[in-house]
Amino acid sequence: RVLFRSEHGLFWINVKNHLIGKDGSGTNGRGYGCSFCSQYKTEKWIGETLANQLPEDTVINHNFCIPVIKNTRKCRVDFHFTIDQVEYFIEVNGAQHYTPTRFGLSPSNADLEATFVIQRERDEKVKDYCKQIGCFTIIDGRKIKTQDHAKIEIDKRLKQWKIIK
């Protein structure tokens, strides 16, 4: 079994790819308290693939806060795990990491560009930290259209890192 850790606690992933509390309790049905259930589909597919491909009892940290830059807003990496004392980091980037992007009540056009610059600076800090500590990869979430695409991308990284053959 694979453990997922989020800011809401530690969870086992069950056979239906939903998280249950380590004590056997479930979520409240709306995904509250479970970052795995509330993530967007690309991240969910990648998380499911990791859970199926990584060695048994691997703890996968979702939305892992980068400790060195903790006071910087949103300096997190989507997935983090450790195998044989090597740390691995996987970041799934959506459109906002590549171009100024509007979401819901987004700022004005001038603020949109400034927000994008901040996003890019944050991305560089995360990448630099992760590369210093262990193995880091970015997956372009815009290119993942199905769960099979997610599996192909994860398998490629895990083979590159010699975690799977």
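Visitor: What is the right way to read helix H2 (residues 41–53) from this model?
Guide: Residues spaced three or four apart along an α-helix point in a common direction, a consequence of the helix completing one turn every 3.6 residues. In a regular helix each residue adds 1.5 Å, so 13 residues correspond to 18 Å; H2 covers 18 Å between its end C-alpha atoms and thus fits that length. Of all 13 residues in H2, 10 are buried, a share of seventy percent or more. Thr 42, Glu 43, Lys 44, Trp 45, Ile 46, Gly 47, Glu 48, Thr 49, Leu 50 and Ala 51 are the residues of H2 that are buried.

Visitor: Would you mind going over the environment of Phe 89 with me for this structure?
Guide: Counting through the fold element by element, Phe 89 comes out in strand E6 (residues 86–93). The exposure class of Phe 89 is buried, given its relative accessible area of 0%.

Visitor: Mind showing me how you'd approach the nonpolar core here?
Guide: Within soluble globular proteins, side chains that are nonpolar tend to cluster in buried spots. By size, the foremost hydrophobic cluster in this structure holds 19 residues, and its most contacted members are Ile 46, Leu 50, Leu 54, Phe 81, Ile 90, Leu 158 and Ile 163. Listing elements by their share of this core, those giving two or more residues are H2, strand E5 (76–83), E6 and helix H4 (147–160). Apart from residues lying up to four places away in sequence, Ile 90 is in contact with Leu 50, Val 77, Asp 78, Phe 79, Phe 81, Thr 137, Ile 139, Ile 154 and Trp 161.

Visitor: Even after reading the chapter, I still don't get the pattern of salt bridges, so can you show me in this structure?
Guide: Pairs can form between side chains of opposite charge whenever their charged atoms are close. Within the structure shown, the criterion is met by six salt bridges. Residues Lys 127 and Glu 124 are paired through a salt bridge, measuring 3.3 Å at the closest nitrogen-oxygen approach. Here the residue Lys 127 and the residue Glu 124 both occupy positions in helix H3 (residues 109–133), the gap between them amounting to three residues, near one helical turn. Using a relative accessible area of 22% as the deciding quantity, one classes Lys 127 as partly exposed. Across the pair Lys 151 and Asp 155 runs a salt bridge, and its minimum N-O distance is 2.6 Å. Of this pair, Lys 151 and Asp 155 are both found in helix H4, four residues apart, which corresponds to roughly one turn of the helix. Look at Lys 151 and you get partly exposed, because its relative accessible area is 37%. Each of Glu 153, Lys 156 and Arg 157 takes part in a single network of salt bridges with overlapping partners.

Visitor: What should I look at first to understand the pairing of E5 in this one?
Guide: Within a regular strand, side chains alternate between the sheet's two faces. Judged by how many residues are buried, E5 sits mostly within the fold: six of eight residues are covered. Here strand E4 (residues 59–65) pairs with E5 via four bridges, running antiparallel. Each residue of the ladder has a partner; that of Phe 64, found in E5, is Val 77. Examined bridge by bridge, E5 and E6 share five bridges and lie antiparallel to one another. Residue pairing in the sheet places His 80 in a bridge with Phe 89 of E6. Where E5 folds back onto E6 in an antiparallel hairpin, the turn is made up of two residues, including Asp 84, whose phi is positive at roughly 50 degrees.

Visitor: How should the packing of aromatic side chains be read in this particular structure?
Guide: Given two aromatic rings, one states the distance between the centres and the angle between the planes to describe the pair. Enumeration according to the criterion identifies four aromatic pairs in this entry. Ring geometry for Phe 64 against Phe 89: centres 6.2 Å apart, planes inclined by 50 degrees, an arrangement best described as tilted. You can see Phe 64 sitting in strand E4 and its partner Phe 89 sitting in strand E6, a full 25 residues away along the chain. Ring geometry for Tyr 88 against Trp 161: centres 5.0 Å apart, planes inclined by 45 degrees, an arrangement best described as tilted. Residue Tyr 88 is located in strand E6, and its partner Trp 161 is located in the segment after H4; the two are separated by 73 residues in the primary sequence. Overall, Tyr 88 belongs to the buried group, its relative accessible area being 7%. Three or more aromatic residues joined by ring pairs make a cluster, and in this case those are Phe 64, Phe 89 and Tyr 129. Taking NZ or CZ as reference, Arg 142 lies 3.9 Å from the ring centre of Tyr 98, over its face.

Scoring rules and cut-offs
Residues numbered from 1 in each chain as written. Predicted model: local features only at pLDDT ≥ 70, side-chain atom pairs only at ≥ 80, totals over all residues. Heavy atoms only, no water. Helix = DSSP H or I, 4+ residues; strand = E, 2+ residues; numbered from the N terminus. Expected span 1.5 Å × (residues − 1). Buried < 20%, exposed > 50% of the residue type's maximum accessible area, 1.4 Å probe, protein only. Core = buried A, V, L, I, M, F, W, Y, C linked by side-chain atoms within 4.5 Å. Contact = heavy atoms within 4.5 Å. Salt bridge = Lys/Arg side-chain N within 4 Å of Asp/Glu carboxyl O. Pairing = 2+ DSSP bridges. Phe/Tyr/Trp six-rings, centres within 6.5 Å; stacked < 30°, edge-to-face > 60°. Lys NZ or Arg CZ within 6 Å of the ring centre and 35° of its normal.

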